[in-house]
Amino acid sequence: MTRDQSDFESFFEGYVEAYNRSLGDSVDHEAIQTHFSPSFIGAGPGTLMTGDNDEAFARTLEKGFAFYKSIGTKKMNVTSAQITDIDESHYLAKVHYSAEYDKDGEPLTIPFPVSYMLEDTEGQLRIFGFIAGDEMALYRQYGLISD
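A brief look at the structure comes next. Only a predicted model underlies this, so the values are computations on that prediction, with no experimental measurement involved.

## As for the pattern of salt bridges
Consideration 1: Per the counting criterion, the structure on display carries four salt bridges.
Consideration 2: Note that D7 is salt-bridged to R3, the shortest N-O span being 3.4 Å.
Consideration 3: Salt-bridge contacts for R21 lead to D28; the nearest nitrogen and oxygen are separated by 2.9 Å.
Consideration 4: One network of salt bridges, in which partners are shared, links R3, D7 and D120.

Take a look at the structure:
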């Protein structure tokens, strides 16, 4: 099934809304986890991992959002997304984000891309893989964390 660009826009809008809610008082595990396949892979510089969409993932989300809040993350926005069909039920999405931070009382915006591999299972898009750049190097570059 070939999907319309608006399907991907809605998917990532929902993902970012769940992300932004999770920067509040509690992590919206359920909303974030509905965007992932039962099992998935993730890659970054020097890292390749596999994961299951389970309680361990929910705990990882808790730790991740505690970190994001600790460095002043306020909001994430999707600025653009390029979608490539792989076959009738798999897609590659390169999503460009703009993240807003509070750094020492001053606003800071950092742009960055993430590439996602998506599957269409029973009419629902889900992330089964993602490739991200060196997030920690970016945070060091902008002074959000120190060496």
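After presenting the structure, the write-up continues.
## Here we look at the sheet that holds strand 3 (residues 73–87)
Consideration 1: Pairing within the open sheet is mixed, and its six strands lie in the order 2-1-6-5-4-3. Since the sheet does not close on itself, it has two edges, and those belong to strand 2 (47–52) and strand 3, each with one partner. The average angle at which neighbouring strand axes cross in this sheet is 25°, direction not considered.

## Observations concerning the pairing of strand 3
Consideration 1: Pairing of strand 3 with strand 4 (residues 90–103), which is carried by twelve bridges, proceeds in the antiparallel orientation. Across the sheet, T84 pairs through a bridge with L92, a residue of strand 4.
Consideration 2: Hairpin connection from strand 3 to strand 4: two residues lie between these consecutive antiparallel strands.

## Some words on the environment of A43
Consideration 1: Inspection of the secondary structure puts A43 in strand 1 (residues 36–44).
Consideration 2: Its relative accessible area of 22% is what places A43 among the partly exposed residues.
Consideration 3: Separated by 95 residues in the primary sequence, A43 and L138 place their C-alpha atoms 16 Å from one another.
Consideration 4: Non-local contacts of A43, meaning those with residues more than four positions away in its chain, are made with L48, F130, I131 and A132.

## A few points about helix 3 (residues 55–70)
Consideration 1: The end-to-end C-alpha distance of helix 3 is 23 Å, a good match for the 22 Å that 16 residues give at a rise of 1.5 Å each.
Consideration 2: Along helix 3, the positions that sit buried rather than exposed are F57, A58, L61, F65 and Y68. Down the axis, helix 3 shows its buried residues gathered within 100° of arc, on one side only. Within helix 3, the exposed residues directed more than 90 degrees away from the buried face are E55, K63 and S70.
Consideration 3: Along its buried surface, helix 3 packs onto helix 1 (5–22), helix 2 (29–33), strand 1, strand 2, strand 3 and helix 4 (135–141).
Consideration 4: At the N-terminal boundary of helix 3, the capping side chain belongs to D54, with an oxygen 3.1 Å from the backbone nitrogen of A56.
Consideration 5: G72 sits one or two positions beyond helix 3 and adopts a positive phi of about 95°.

## A look at the nonpolar core
Consideration 1: Residues F12, Y97, Y116 and L118 are the most contacted members of the largest nonpolar core, which totals 34 residues.
Consideration 2: Looking at this core, the element that brings in the most residues is helix 1, giving seven residues.

Definitions and cut-offs
Residues numbered from 1 in each chain as written. Predicted model: local features only at pLDDT ≥ 70, side-chain atom pairs only at ≥ 80, totals over all residues. Heavy atoms only, no water. Salt bridge = Lys/Arg side-chain N within 4 Å of Asp/Glu carboxyl O. Pairing = 2+ DSSP bridges. Helix = DSSP H or I, 4+ residues; strand = E, 2+ residues; numbered from the N terminus. Axes fitted to C-alpha atoms, helices over the stretch in contact; angles between N-to-C directions. Buried < 20%, exposed > 50% of the residue type's maximum accessible area, 1.4 Å probe, protein only. Contact = heavy atoms within 4.5 Å. Expected span 1.5 Å × (residues − 1). Arc of directions from axis to C-beta. Polar contact = N/O pair within 3.5 Å; in protein donor to acceptor, adjacent residues only side chain to side chain. Core = buried A, V, L, I, M, F, W, Y, C linked by side-chain atoms within 4.5 Å.

Scope: geometric values only; no functional claims are made or implied.
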